[in-house]
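Descriptive structure summary
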Amino acid sequence: MGLAVALLGFVLPAVVSAQTTVEVVPLKYRKSEQVIPVLQPLLGRDSSISGFQNQLVIRATPVEMAQLKRVLADIDTAPKRLLITVRQDADMDRDRREAELSGSIGNQNARITVPGSGSQSGGNVIFRDGDDRLRGRVIDSQRSSSSSTSQSIQVLEGYSAFIRVGESRPVRSRQVVRTIVNGQIIDRVVEGTDYRDATTGFSVVPRVQGNMVTLDIDPQRETFDDGRRGAVNVQRVVTTVSGRLGEWMDLGGVNESRSDNQSVLLGRSSTSSSERRGVQVKVEELP
């Protein structure tokens, strides 16, 4: 009997210390969804944590509660003010080379005629002797274009930010509307005007730890293609990246090259183009 009482005396303190209590802890700066993922791994199987407005509802043992409050004091601090800059670049080069010989040569018994392509551009040299005529045409053109877009936005650490600017252009539309009148099918063409947008911007959520920053970022750049009516060129990156504060970080890039060679009678033409696109981001801490 005395042994049983002694064993019970050792068991009771362990049971009491493992009991959980519920406490409501107010938050000063952070949102509950920001701190709960950090605190959750510190809890045991019988403990729990949830958020309500700017408060945490914690069920934990006294030991767990004390540990949670120590960690919370370190993370529930005023968020840093950040300046996020996204730079989106595009460089394009186009080369065109063409050489052609055309004309007519012969005599009264036989004559050979080589038709030209019909293009009037480039340099032309014409040789003529009586009814004989030869035309030589050479085209060698190069075209380069470069554009860069830079956007900046201020945001608090741990919060989301969004910025976007753009342009809307009218696009003519045409559709055929079919109706039945007195048993006859009548097609009617209806014309209208739609508007198409081309926007550039990004959305971002930054998280800072020491002098390192982690970004969930989604930059997008759209431009109208003047060579194709109503067409829009789209560039977009969705990624999570980490780097040092104050340094440029590459998010991604595209290098594309195209070439086309054609041969005709007494002539040859070639076109080539290359396009390079890149996206970089920099995060700076503001005072």
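The structure we're discussing is the one just above.
Residues numbered from 1 in each chain as written. Predicted model: local features only at pLDDT ≥ 70, side-chain atom pairs only at ≥ 80, totals over all residues. Heavy atoms only, no water.

Further remarks concern the environment of E247. Following the sequence through the fold, E247 ends up in the loop between β12 (239-244) and β13 (249-264). For E247, a relative accessible area of 43% corresponds to the partly exposed category. For the pair formed by E247 and V281, sequence separation is 34 residues and the distance between their alpha carbons is 8.3 Å. Once you skip the residues sitting within four places of it in the chain, E247 turns out to touch V281 and K282. (Helix = DSSP H or I, 4+ residues; strand = E, 2+ residues; numbered from the N terminus. Buried < 20%, exposed > 50% of the residue type's maximum accessible area, 1.4 Å probe, protein only. Contact = heavy atoms within 4.5 Å.)

On to the pattern of salt bridges, then. Tallied over the full model, the rule gives 8 salt bridges. Among the salt bridges present, the one from E191 reaches R172, with a minimum N-O distance of 2.9 Å. Highlighted residues: E191 in strand β9 (residues 184-209) and R172 in strand β8 (residues 161-181), separated in sequence by 19 residues. A salt bridge links R207 to D216, with the shortest nitrogen-to-oxygen separation between them at 2.9 Å. (Salt bridge = Lys/Arg side-chain N within 4 Å of Asp/Glu carboxyl O.)

With that settled, consider the packing of helix α2 (residues 32-39) against helix α3 (residues 62-75). Interhelical geometry of α2 versus α3 gives an angle of 135° and a closest axis separation of 11 Å. Our classification of the angle between α2 and α3 gives oblique. Two packed elements cross with a definite hand, and for α2 against α3 that hand is right-handed. Residue-level contacts link V35, V38 and L39 of α2 to L68, V71, L72 and I75 of α3. Its residues assigned to classes, the contact of α2 with α3 shows 7 nonpolar, no polar and no charged. (Axes fitted to C-alpha atoms, helices over the stretch in contact; angles between N-to-C directions. Parallel < 35°, antiparallel > 145°, perpendicular 65-115°, else oblique. Left-handed = near helix turned anticlockwise from the far one by under 90°. Nonpolar A, V, L, I, M, F, W, Y, C, P; charged D, E, K, R; others polar.)

A separate point is the nonpolar core. Membership of the largest hydrophobic core comes to 20 residues, with the highest contact counts inside it found for I84, L215, I217, V281 and V283. Those elements that place two or more of their residues in this core are β4 (81-106), β7 (132-156), β9, β10 (212-224), β13 and β14 (267-286). Apart from residues lying up to four places away in sequence, I217 is in contact with V86, F202, S203, V204, V237, V238, T239, L251 and V281. One finds L27, V35, L68 and L72 within the second-largest nonpolar core, a separate group that totals 13 residues. (Core = buried A, V, L, I, M, F, W, Y, C linked by side-chain atoms within 4.5 Å.)

Judged by pairing direction, the sheet is antiparallel, and its 3 strands sit side by side in the order β1-β3-β2 without closing on themselves. With one partner strand each, in any of the chains shown, β1 (21-26) and β2 (48-52) form the two edges of the open sheet. Across the sheet, the axes of successive neighbouring strands diverge by a mean angle of 20°, strand direction being ignored. In the sheet, β1 pairs with strand β3 (residues 55-60) via 6 bridges, with the strands oriented antiparallel. By the bridge assignment for β3, E23 is matched with I58. Across the sheet, α3 lies against β1 and β3, angled at about 150° from β3, the strand it touches most. (Pairing = 2+ DSSP bridges.)

In this section: the pairing of β2. Bridge analysis of β2 against β3 gives 5 bridges, and the strand direction is antiparallel. In the sheet register, I49 faces β3, and the bridge partner there is I58. As consecutive antiparallel partners, β2 and β3 are separated by 2 residues, and within that stretch Q53 has a phi angle of approximately 55°, a positive value.

Here we take up α2. Those residues of α2 that fall on the buried side of the exposure criterion are S32, V35, I36 and L39. The buried residues of α2 all sit within an arc of 110° when viewed along its axis, so they share a single face. In α2, those exposed residues whose orientation departs by more than 90 degrees from the buried face are E33 and P37. Those residues of α2 that are buried are in contact with β2, β3 and α3. (Arc of directions from axis to C-beta.)

On to the environment of V234. Within the secondary structure layout, V234 lies in strand β11 (residues 232-236). Judged by relative accessible area, V234 falls into the exposed class, the value being 53%. Separated by 11 residues in the primary sequence, V234 and T223 place their C-alpha atoms 6.8 Å from one another. Sequence-distant contacts of V234, that is, excluding residues within four places in its chain, are made with R221 and E222.

The subject of this paragraph is the side chain of E64. Looking at where E64 falls in the secondary structure, it is placed in helix α3. Those residues in contact with E64 that sit more than four places away from it in its chain are L42, L43, G44 and S47.

Compared with an ideal rise of 1.5 Å per residue, which puts 14 residues at 20 Å, α3 spans 20 Å between its outermost C-alpha atoms and is within 8% of the ideal. Of all the residues in α3, the buried ones are E64, M65, L68 and L72. Burial along α3 is one-sided: seen end-on, the buried residues are contained in an arc of 95°. When the buried face of α3 is taken as reference, the exposed residues oriented beyond 90 degrees from it are V63, R70, A73 and D74. Check the buried side of α3 and you find it contacts β1, α2 and β3. (Expected span 1.5 Å × (residues − 1).)

Don't take any of this as a statement about function, it's just geometry.
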